[in-house]
Amino acid sequence: QAADSKREQFRQYLEKSGVLDMLTKVLVALYEEPEKPDSALDFLKHHLGASAPENPEIEALRLEVAEMKEKYDAVMEENQKLKTKV
């Protein structure tokens, strides 16, 4: 009975923390997928990772990278124009 009690406590913990609900949603999405992916495990990893809340720091870094890419492209374009003038 001690093992059953531990299992029940663990199940309640998973349910309370939202893990069971999240797993159920991802498994239902996989079930409803018209063309099953080659790797069910990769599907689960992708969908579980994608549904995690985004860290604000990561979003800020993504924006900074996008801005730097734009600046880099502009500098490269200017550099190319200057090269053709020379």
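Residues numbered from 1 in each chain as written. Predicted model: local features only at pLDDT ≥ 70, side-chain atom pairs only at ≥ 80, totals over all residues. Heavy atoms only, no water.

1. So, the overall build of the chain
Consideration 1: Across its full length, the chain carries four helices and zero strands.
Consideration 2: When the helices and strands of the chain are placed in sequence order, the string is α-α-α-α.
Consideration 3: Expected size for 86 residues packed as a compact globule is a radius of gyration near 12 Å; at 24 Å, the chain overshoots this value by more than 25%.
Consideration 4: For the chain, the C-alpha atoms occupy an extent of roughly 85 × 35 × 15 Å along the three principal directions.
Consideration 5: Relative to its full complement of 86 residues, the chain shows a buried share of 5%.
Consideration 6: As presented, the chain carries roughly 8,000 Å² of accessible surface, and 58% of it is formed by carbon and sulfur atoms.
Consideration 7: For the chain, the distance from the average position of its 13 positive side-chain charges to the average position of its 18 negative side-chain charges is 3 Å. (Helix = DSSP H or I, 4+ residues; strand = E, 2+ residues; numbered from the N terminus. Rg over C-alpha atoms; globule rule 2.2 N^0.38 Å. Buried < 20%, exposed > 50% of the residue type's maximum accessible area, 1.4 Å probe, protein only. Areas by Shrake-Rupley, 256 points an atom, 1.4 Å probe, with all protein chains shown as cover. Lys, Arg positive; Asp, Glu negative; His and termini not counted. Charge placed at Lys NZ, Arg CZ, Asp CG, Glu CD.)

2. Here we look at the packing of aromatic side chains
Note on aromatic pairs: each is described by the distance of the centres and the angle between the planes.
Consideration 1: In this structure the tally under the stated criterion is one aromatic pair.
Consideration 2: When the ring centre of Y31 is taken as origin, the NZ or CZ atom of K36, which lies over that ring, is 5.9 Å away. (Phe/Tyr/Trp six-rings, centres within 6.5 Å; stacked < 30°, edge-to-face > 60°. Lys NZ or Arg CZ within 6 Å of the ring centre and 35° of its normal.)

3. Side note on the UniProt feature "coiled-coil region" (unreviewed entry) in the chain
Consideration 1: With numbering aligned to this structure, UniProt lists the feature "coiled-coil region" (unreviewed entry) at residues 58-85.
Consideration 2: As a span, residues 58-85 carries 100% helix and 0% strand, and end to end its C-alpha atoms are 41 Å apart. (UniProt positions renumbered as here; feature names shortened; annotations may be inferred.)

4. Some words on the pattern of salt bridges
Opposite charge on two side chains allows them to pair when their charged atoms are near.
Consideration 1: As enumerated under the stated definition, the model contains five salt bridges in all.
Consideration 2: With a shortest N-O distance of 3.4 Å, D21 and K25 are connected by a salt bridge. With D21 and K25 both in helix α2 (residues 19-32), this residue pair falls four residues apart, about one helical turn.
Consideration 3: K81 is paired through a salt bridge with E77; the nearest N and O atoms lie 3.6 Å apart. Taken together, the residues span about one helical turn, with K81 and E77 both in helix α4 (residues 56-85) at a distance of four residues.
Consideration 4: Classification of E77 by relative accessible area gives partly exposed; the value is 48%.
Consideration 5: When salt bridges with common partners are traced through the structure, they connect E8, R11 and E15 into a single cluster. (Salt bridge = Lys/Arg side-chain N within 4 Å of Asp/Glu carboxyl O.)

5. Digging into a negative patch on the surface
Consideration 1: On the surface, a cluster of negative charge is contributed by E64, E67, E70 and D73.
Consideration 2: Tracing the sequence through the fold places E70 in helix α4.
Consideration 3: Judged by relative accessible area, E70 falls into the exposed class, the value being 59%. (Patch = residues over 30% accessible without salt bridge, like charges linked within 9 Å, V, L, I, M, F, W, Y side chains within 5 Å.)

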